[in-house]
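These are the residues of each chain, in order.
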Amino acid sequence: MGFQPNDKTRELTAQVQAFMKEHIYPREKEYDAWVEDHENLWVYPPWWDDLTAKAREAGIWNWFLPEEYGEWSPGLTNLEFAPIMEEMSRVPWAQAVFNCSAPDRGNMEVLAKYGTTEQQEQWLKPLLAGEIRSAYAMTEPQVASSDATNMELKIERDGDHYVLNGRKWWITGAMGPKCKVLLTMGLSNPDAARHSQHSTILVPRDTPGLKIVRPLKAFGDYHSPGGEAELLYEDVRVPVSNLILGEGRGFEIAQGRLGPGRFQYAMGFVGMAQRALELMCARADARVAFGEKLMAKTSVQHEIARSRCEIEQCRLLVLQAADTMDREGLSGSRDLVSMVKIVGPQMAENVINRAIQIHGGMGVSEDTPLASWLSLARFCRIADGPDEVHMSQLAKLTARGFEAA
Ligand SMILES: Cc1cc2nc3c(=O)[nH]c(=O)nc-3n(C[C@H](O)[C@H](O)[C@H](O)COP(=O)(O)OP(=O)(O)OC[C@H]3O[C@@H](n4cnc5c(N)ncnc54)[C@H](O)[C@@H]3O)c2cc1C
């Protein structure tokens, strides 16, 4: 087991580093100020489209889509992409500049894997070109949505159409001005077996009957310009050709959607935590309290050392998950995929929390990105399925074969 990056990964990572240095880090404060100003709600900064065009011209584009996706993929393996994803995630919004951000990542994978030619023409191509954005609508306010089989939004056939009725919430990206389509999961076959009752269907954002009830704040933040929404579907009619994969396949899509997405997501936390560690070190070196640098204090040294260990452990685990996925596919890497989902956000939460403490009052202010990163790491222990669900799944996979005689 060795995870040294190959020449290709080294070269591409250097390209991302140079782009981040020239175009992303210098705009970090400007971006934060823009999105914090409620005058700018649901509006991208004026330089956003130019910046994404630059990333595309530089060829740093869609690298998340692994080589098994053939014509749609830029040709990287999961293991090759993992360190690049870490680099891109040192500023969380940079993922979107490179067209490598959630929820579009997972949605593009679904369309590349299961979409019809017509669906790929209409939705996948503009998504891959970064012209539009998308949302994945599963969670519902009235049911425990950690269990995907609980979804109640009705999908009923009526001639050449399906009619959708129900409510969704926490739908990331749905508030964004570029969001043009929602992959919506609902109950289509209530009499079928438990895991075959649901379907996933493409709902254009402007379909009559699809209404925004309200934007939602996570820890007081709207996540503009592409934030979360509560949505009402009232007699929303879409053609039957919008169904993905077939009736009753929604659960399968929800599971498949989370393959490469999971390790990319965890690697995002490694990038963010690494940056928090670097900020922590710089602060410990710059600040003097009680006659010595913070760095001279044993407790601070231990916090830095502990953070370094946790980041490195997580990084290696994610690389192993990516490598196993390359060699054995999703079916052979399910346990590792659960592990990185559990470990990634928790590790980042711990490291960022320590970085905040070492920054004192500044740590909780808007003068560093740490406070907003802490909230991101925290809610990601719920979003995409709470920790407990993944832990139960991992425990069952781990115990398999060790049953009492
Ligand atoms: C910022 C944010 C963005 C999101 N984006 C999206 C999105 O784009 N699309 C989308 O469809 N959804 C999205 N979600 C929703 C998210 O996926 C759900 O909130 C999550 O799956 C949990 O569902 P729930 O809120 O109904 O909690 P519930 O299912 O009610 O669970 C509540 C709690 O019960 C406990 N619990 C549940 N199951 C178990 C178990 N098996 N064992 C032990 N304890 C358990 C856990 O502590 C859990 O947190 C987002 C959520 C957030 C906060």
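Read on for a plain summary of the structure.

Thresholds, definitions, all that
- Residues numbered from 1 in each chain as written.
- Predicted model: local features only at pLDDT ≥ 70, side-chain atom pairs only at ≥ 80, totals over all residues.
- Heavy atoms only, no water.
- Buried < 20%, exposed > 50% of the residue type's maximum accessible area, 1.4 Å probe, protein only.
- Helix = DSSP H or I, 4+ residues; strand = E, 2+ residues; numbered from the N terminus.
- Pairing = 2+ DSSP bridges.
- Axes fitted to C-alpha atoms, helices over the stretch in contact; angles between N-to-C directions.
- Parallel < 35°, antiparallel > 145°, perpendicular 65-115°, else oblique.
- Left-handed = near helix turned anticlockwise from the far one by under 90°.
- Nonpolar A, V, L, I, M, F, W, Y, C, P; charged D, E, K, R; others polar.
- Near = heavy atom within 4 Å.
- Polar contact = N/O pair within 3.5 Å; in protein donor to acceptor, adjacent residues only side chain to side chain.
- Areas by Shrake-Rupley, 256 points an atom, 1.4 Å probe, with all protein chains shown as cover.

Where burial is concerned, most of strand S5 (residues 198-204) is hidden: 7 out of the 7 residues are buried. Burial along S5 is two-sided: the face carrying His 198, Thr 200, Leu 202 and Pro 204 and the face carrying Ser 199, Ile 201 and Val 203 are both buried. Relative to S5, strand S4 (residues 179-187) runs antiparallel, the two being bridged by 7 bridges. Counted as the bridge partner of Met 185 is Thr 200 from S5. Judged from the 2 bridges that link them, S5 and strand S8 (residues 243-244) form a sheet pairing that is antiparallel. For Thr 200, the partnering residue across the bridge sits in S8 and is Ile 244.

Axis separation between helix H9 (residues 259-286) and helix H10 (residues 298-328) bottoms out at 9 Å; the angle between their running directions is 160°. In terms of their interaxial angle, H9 and H10 are classed as roughly antiparallel. At the point where H9 passes H10, the crossing takes the left-handed sense. In terms of residue class, the contact of H9 with H10 is built from 19 nonpolar, 3 polar and 3 charged.

As a further point, take the site of the ligand. Around the ligand, a shell composed of 20 residues is seen, among which Tyr 136, Thr 139, Ser 146, Trp 170 and Glu 388 lie nearest. In the model, a nitrogen atom of the ligand is placed 2.6 Å from a nitrogen or oxygen of the Thr 139 side chain. Thr 172 places a polar side-chain atom, nitrogen or oxygen, 2.8 Å from a nitrogen atom of the ligand. If the ligand stood free it would expose 980 Å²; the protein chains cover 69% of that surface.

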